[in-house]
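Next come the chains, spelled out residue by residue.
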Amino acid sequence: MSGPTLHPAALTQAAAHWHALQRQGDVSPAQQRAFLDWLLVSPEHLREYLAISETAGALGEALRAMPDDLDVLLASPVPRSADDNVVQLPVRGATATAPPQRRRRRLPGLAAAAALVMAVGIGTPMAWPRTSHYVAAHGQPQQIRLSDDSLVHLDADSELSVRMSLFARRVELERGQASFVVAPGRRPFAVHAGGLKVTDIGTTFDVSLQREQARIAVSEGRVQVRGDSGRGRLLADLWAGKVAQVDYRDQRVQILDEDAASMTAWWQGRVVFRDEPLRDVADRFNRRNTQRLRVSDDAGMLRITGNLRADDLGSLRAFLDQQPALQTSQQGGLIHVRMRTPGFDAVKKNSSK
């Protein structure tokens, strides 16, 4: 007996379900095997899936702007019709009810589908999701060329994971700072950091995890920033020369203007800061140097502006000493920075004699 009749709407829904999972990239090996099994059930499954993929590619930028709720997709079963959306293959030895001509057309079609899945899927390394982990040690920023030819500038004391699949490019910035020069392609490129999802729309951009906020800067092209790891509302739509500062607690957003050269200055070992809290500036210098700054709580909130070499702590200390409200002192491998106290200049002058 032949399998149950496949309902076209259920097939389309199932194909869209599998495409959304593959596009997001977070698919386990068991789910990937289930997906390939589903494709091989019938040539109609493969044709419908390819039709969904072609439509998604044609939508391009519009589709990339639509977030996938991955948790909901993973939790929900594969859509089924009342009669199930799986076409069962005939059991060997069972009496077939289909006309002989139809069986002859169906079997070569199924073989062709299997061959195509083997060639495009299993035979292609990128078909199976691959995750790579990168760590830039203290004082050792890195440049990383990804498998899709995108370039990542990973700052010192920073860490990220990259997951590449046939349908998606997903990056998780776990700590620190990274810039992304994204290679063009139909696969969406998304960076998850600090509970945010930053979706690239053909661009060069920077993501920095600071103490109380995430900072996203766009030097070329455009990105969109969504809350709740991509499932929340649109927080910012940024283009070249724009910076978004997103508070971790309430996802309050502040949009600033900044020139592209300042955004990428750290690639060349410079630290550019404009009206930033001193403690965040100190963190950036501390990533690059063995001698570290220790900033008191009250001094850490003072906002400063400057442009210095990351490895020039002498100039940084002179710059801080020029600030009317600050004073510095050195003890071993630490430069202490605190609010200026009365009589400090006289003590400092006497100690230098």
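Quantities reported herein were computed from a predicted structural model and do not represent experimental measurements. (Residues numbered from 1 in each chain as written. Predicted model: local features only at pLDDT ≥ 70, side-chain atom pairs only at ≥ 80, totals over all residues. Heavy atoms only, no water.)

Enquirer: How should the overall build of the chain be read in this particular structure?
Expert: Scanning the chain from N- to C-terminus turns up eleven helices and 19 strands. Looking at the chain as a whole, 46% of its 353 residues qualify as buried. Contacts in the chain between residues at least 24 apart in sequence constitute 53% of all its contacts with a sequence separation of at least 6. (Helix = DSSP H or I, 4+ residues; strand = E, 2+ residues; numbered from the N terminus. Buried < 20%, exposed > 50% of the residue type's maximum accessible area, 1.4 Å probe, protein only. Contact = heavy atoms within 4.5 Å.)

Enquirer: How should helix H10 (residues 313–321) be read in this particular structure?
Expert: Each full turn of the α-helix corresponds to 3.6 residues, which orients residues three or four apart in the same direction. Three or more residues of H10 are buried, namely Leu313, Leu316, Phe319 and Leu320. Taken end-on, H10 shows its buried residues confined to a sector of 115°, consistent with a single buried face. The inward-facing, buried residues of H10 contact strand E15 (270–277), helix H8 (278–288), strand E16 (292–295), strand E17 (303–309), strand E18 (326–331) and strand E19 (334–339). (Arc of directions from axis to C-beta.)

Enquirer: So what exactly am I meant to see when it comes to the packing of aromatic side chains here?
Expert: Aromatic ring pairs are reported here in terms of the distance separating the ring centres and the angle at which the planes meet. Taken as a whole, this structure holds three aromatic pairs when the rule is applied. One aromatic cluster is present, formed by Phe180, Phe189 and Phe205 through successive ring pairs. (Phe/Tyr/Trp six-rings, centres within 6.5 Å; stacked < 30°, edge-to-face > 60°.)

Enquirer: Explanation requested: helix H2 (residues 29–41) in the structure shown.
Expert: With 13 residues, H2 should cover 18 Å at 1.5 Å per step; its first-to-last C-alpha distance of 19 Å lies within 8% of that length. Here H2 has its buried residues at Gln32, Phe35, Leu36, Trp38, Leu39 and Val41. (Expected span 1.5 Å × (residues − 1).)

Enquirer: What am I meant to see in the pairing of strand E3 (residues 151–154) here?
Expert: The side chains of a regular strand alternate, residue by residue, between the two faces of the sheet. The alternating pattern of E3 places Leu151 and His153 and Val152 and Leu154 on opposite faces, both of which are buried. As judged from the four bridges shared by strand E2 (residues 142–145) and E3, these two strands associate in the antiparallel manner. Looking at the pairing, Gln142 lines up with Leu154 of E3. Linking E2 back to E3 in an antiparallel pair, the connection comprises five residues, with Asp149 at a positive phi of about 80°. (Pairing = 2+ DSSP bridges.)

Enquirer: Looking at this structure, I do not really get the environment of Arg249. What am I missing?
Expert: Looking at the element boundaries, Arg249 is found in the loop between strand E13 (242–247) and strand E14 (253–257). Sequence separation between Arg249 and Gln213 is 36 residues, and the spatial gap between their C-alpha atoms is 8.4 Å.

Enquirer: Please clarify how the pattern of salt bridges should be interpreted in this entry.
Expert: When the charged atoms of two side chains with opposite charge come close together, those side chains can pair. Within this structure, the stated rule accounts for 17 salt bridges. The closest approach of N and O atoms between Asp257 and Lys242, which form a salt bridge, is 2.5 Å. Taken together, the residues Asp257 in strand E14 and Lys242 in strand E13 connect sequence positions 15 residues apart. The exposed category is assigned to Asp257, whose relative accessible area is 60%. Accessibility expressed as a relative area gives 19% for Lys242, which makes it buried. Salt bridges linked by common partners bring Asp155, Arg287 and Arg288 together as one network. (Salt bridge = Lys/Arg side-chain N within 4 Å of Asp/Glu carboxyl O.)

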